[in-house]
Amino acid sequence: MSQAVNEVVRLQPAADENDRVETAAYLLEEAAPEEALRWAFDEFQESVTIATGFGAEGVALIDMAVRINPRADVFFLDTGFLFPETYDLRRRLEDRYQIEIRAFKTDITPEQQELRFGSKLWSTNPDLCCRLRKLEPLKDALYGRRAWITAIRQDQTLERSNARVIEWDYQWRLVKINPLVRWNKQQVWEYIANNNVPFNPLHERGYPSIGCTHCTQPVGEGEDERSGRWSGRAKKECGMHAPVRPTTFISRTEMVGRRHLT
Ligand code: SF4
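What counts as what
Residues numbered from 1 in each chain as written. Predicted model: local features only at pLDDT ≥ 70, side-chain atom pairs only at ≥ 80, totals over all residues. Helix = DSSP H or I, 4+ residues; strand = E, 2+ residues; numbered from the N terminus. Buried ≥ 20, exposed ≤ 12 C-beta atoms within 10 Å, placed from the backbone. Contact = placed C-beta atoms within 7 Å. Expected span 1.5 Å × (residues − 1). Near = placed C-beta within 6 Å. Nonpolar A, V, L, I, M, F, W, Y, C, P; charged D, E, K, R; others polar. Axes fitted to C-alpha atoms, helices over the stretch in contact; angles between N-to-C directions. Parallel < 35°, antiparallel > 145°, perpendicular 65-115°, else oblique. Left-handed = near helix turned anticlockwise from the far one by under 90°. Pairing = 2+ DSSP bridges. Right-handed = clockwise from strand over helix to strand, strands pointing away.

Chemist: Please set out the overall build of the chain residue by residue, giving values where relevant.
Modeler: Each helix and strand counted, the chain has ten helices and six strands in total. The burial tally for the chain puts 36% of its 262 residues in the buried class. Considering only contacts in the chain between residues 6 or more positions apart, those separated by 24 or more positions represent 72%.

Structure (structure tokens):
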């Protein structure tokens, strides 16, 4: 078998898995987050991982996931530029749920980054900075997995507006489960309050969405919840979540035909 054919096989879900995933994508589109999580753990077992950025959605998702699967695998991308409150929240979540939240990070230290690319890369070229400090580590985090779970919501950004509960992630080439995709901000905070979930205290100081220190500002009353991220720039996403997403689940057969898109 040629290397090209091998690559196609490796990059696609197996045919029988694809049928199950397509069916679940259809059946669970309106389901409660817990149902999508239960399905993901049943279907993918050890081969599914949960990404968290420690936002309000992320902590709610961890709480739900650990109730269903106390051994759930959870990771975050440690850019080296996170707020002290965020690192502290990681520790509090680990204590509360008795889990390890694994860190994935680049080998490039902030000092090396400055030497190689100049000072304040997050200001001169934030896309490159995100690629080095988030997207490359994300590749490592997803390596060998068949699925990942994220806490994105449709109403957060235009780029996320057609995300589905279960979809094929053609950027990272694995199944993506977004259990909270239909929730709004109020539902997330009600869940946090009702379940006494630990959250980042910065949320109470004007930061509805929290990323790196260099690229996160507090927002004013009534402003868009993500307007403090890369404030003053067109950039709205770090690149983890593909901006253009088909409106339906892409079948294995279609994927083979769409490989030129990625
Ligand atoms: S959010 Fe800002 S500091 Fe963090 S990786 Fe992206 S550009 Fe760099």
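Chemist: Before we move on, can you summarise helix α4 (residues 56-68) with the specific residues and values?
Modeler: With 13 residues, α4 ought to run about 18 Å at 1.5 Å a step, and its terminal C-alpha atoms sit 19 Å apart, in line with that. By the burial criterion, the buried members of α4 are Ala56, Glu57, Gly58, Val59, Ala60, Leu61, Ile62, Met64 and Ala65. Turning to α4, the residues buried within the fold contact α3 (33-44), β1 (48-51), β2 (74-77), α5 (84-97) and α9 (185-195).

Chemist: Quick one: what's the story with the site of the ligand, residue by residue and with numbers?
Modeler: Around the ligand sit 13 residues, and of these Trp122, Cys129, Cys130, Cys212 and Cys215 come closest. The element that contributes the greatest number of residues to the shell around the ligand is helix α8 (residues 126-142), accounting for five residues. Along the lines of polarity and charge, the residues of the shell around the ligand split into eight nonpolar, three polar and two charged.

Chemist: Describe the packing of α4 against α9, with residues and values.
Modeler: Where α4 meets α9, the axes come as close as 9 Å, and the angle between the chain directions of the two elements is 50°. By the angle class used here, α4 and α9 are oblique. In this structure, the crossing between α4 and α9 has a hand that is left-handed. Each of Ala56, Glu57, Val59, Ala60 and Asp63 in α4 lies in contact with α9, whose residues at this interface are Val188, Trp189, Tyr191, Ile192 and Asn195. In terms of residue class, the contact of α4 with α9 is built from seven nonpolar, one polar and two charged.

Chemist: I'd love a proper account of the pairing of β1, names of residues and values included.
Modeler: In the case of a regular strand, side chains alternate between the two sheet surfaces. The alternating pattern of β1 places Val48 and Ile50 and Thr49 and Ala51 on opposite faces, both of which are buried. Both β1 and strand β4 (residues 147-149) contribute to a ladder of three bridges, which runs parallel. Directly across from Thr49, in β4, lies its bridge partner Trp148. When β1 meets β2, the two strands line up parallel, connected through two bridges. Bridge pairing in β2 places Ile50 opposite Val74. Traced from β1 through α4 to β2, the parallel crossover comes out right-handed.

Chemist: How would you explain the pairing of β2 if you had to name every residue and give the values?
Modeler: A two-sided burial pattern is seen for β2, the buried positions comprising Val74 and Phe76 on one face and Phe75 and Leu77 on the other. Pairing of β2 with strand β3 (residues 101-104) involves four bridges; the strand directions are parallel. The residue bridging Val74 from the neighbouring strand is Ile101, located in β3. Regarding the hand of the β-α-β motif, the stretch spanning β2, α5 and β3 is right-handed.

Chemist: For the packing of α3 against α4, give the residues involved together with the corresponding values.
Modeler: A packed helix pair is summarised by two numbers, namely the angle formed by the two axes and the spacing between the axes. Relative orientation of the contacting elements α3 and α4 amounts to 55°, with a least axis distance of 10 Å. Comparing the axis directions of α3 and α4 gives the class oblique. Judged by the sense of rotation from one axis to the other, the crossing of α3 with α4 is right-handed. Listed contacts from α4 to Pro33, Glu34, Leu37, Arg38 and Phe41 of α3 are Met64, Ala65 and Ile68.

Chemist: I'd love a proper account of unusual backbone geometry, names of residues and values included.
Modeler: Positive phi, normally seen in glycine, also occurs at Arg173, with a value near 65°. Here the phi dihedral of Trp230 falls at roughly 50°; this positive angle occurs in a residue that is not glycine. Of note, Trp230 is situated in the loop between α9 and α10 (252-258). Trp230 gets classed as buried once you count the C-beta atoms within 10 Å, which come to 23.

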